[in-house]
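Okay, here's what each chain looks like letter by letter:
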Amino acid sequence: MVLASLQTAEADRCVDIFRRPDGTFGFEEFRRDPEDMGVWTPVLYFSGLEYPSETETLAAARSAVPWLALLPDS
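Procedures and definitions
- Residues numbered from 1 in each chain as written.
- Predicted model: local features only at pLDDT ≥ 70, side-chain atom pairs only at ≥ 80, totals over all residues.
- Heavy atoms only, no water.
- Pairing = 2+ DSSP bridges.
- Helix = DSSP H or I, 4+ residues; strand = E, 2+ residues; numbered from the N terminus.
- Axes fitted to C-alpha atoms, helices over the stretch in contact; angles between N-to-C directions.
- Buried < 20%, exposed > 50% of the residue type's maximum accessible area, 1.4 Å probe, protein only.
- Arc of directions from axis to C-beta.
- pLDDT = per-residue confidence, 0-100.
- Core = buried A, V, L, I, M, F, W, Y, C linked by side-chain atoms within 4.5 Å.
- Contact = heavy atoms within 4.5 Å.
- Salt bridge = Lys/Arg side-chain N within 4 Å of Asp/Glu carboxyl O.

Caption draft 1: Examining the sheet that holds strand 2 (residues 13-19) more closely. Strand order in the open sheet made by the four strands is 1-2-3-4, with antiparallel pairing throughout. Two strands close off the open sheet at either side, each with one partner strand: strand 1 (2-7) and strand 4 (40-42). The sheet shows a mean angle of 30° between the axes of neighbouring strands, taken without regard to direction. Pairing geometry for strand 1 and strand 2, over five bridges, is antiparallel.

Laid out in structure tokens, this is it:
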């Protein structure tokens, strides 16, 4: 289940924070390019990493995805 979806003002990059059925959390970074007809495409496949809480997942995403730290409310 996606808990948060944070994206750039240009709506060309996105990070989804999600909770798995087993109670662990994870995140994934996506990009959306015109040549892909606007389809969201995973960037670095972070989704295999597991975190025990949403807070730790967001902190890990901020460390791994440089542009995320630049968002005003992330």
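The structure having been displayed, the exposition proceeds.
Caption draft 2: Main features of helix 1 (residues 54-64). Among all positions of helix 1, only Thr57, Ala60 and Ala61 are buried. One face of helix 1 carries all of its buried residues, which in axial projection span an arc of 100°. Facing away from the buried side of helix 1 by over 90 degrees, the exposed positions are Thr55 and Ser63.

Caption draft 3: Spotlight on the confidence of the model for the chain. Mean pLDDT over the chain works out to 92, with 97% of the residues at or above the 70 mark. In the model of the chain, strand 4 stands out as the element of lowest mean pLDDT, 92, in contrast to strand 2, which has the highest, 97.

Caption draft 4: Here's a closer look at the nonpolar core. With 13 residues, the main nonpolar core has Val15, Phe27, Ala61, Val65, Trp67 and Leu68 as its most contacted residues. Contributing elements (two or more residues each) for this core: strand 2, strand 3 (25-32) and helix 1. Ignoring anything within four residues of it in the chain, the contact list for Trp67 reads Leu6, Gln7, Thr8, Arg13, Cys14, Val15 and Glu29.

Caption draft 5: Seen up close, the side chain of Thr8. Turning to its location among the elements, Thr8 is positioned in the loop between strand 1 and strand 2. The buried category is assigned to Thr8, whose relative accessible area is 12%. Discounting residues that sit within four places of it in the chain, Thr8 has contacts with Arg13, Trp67 and Leu71.

Caption draft 6: Structural context of the pattern of salt bridges. On inspection of all chains with the given rule, the structure shows three salt bridges. The salt bridge involving Asp33 is made with Arg31; its shortest N-O contact spans 2.5 Å. Asp36 is the salt-bridge partner of Arg31, the closest N and O atoms lying 3.6 Å from each other. For Arg31, a relative accessible area of 26% gives the class partly exposed. Here the salt bridges share partners, and the residues they tie into one network are Arg31, Asp33 and Asp36.

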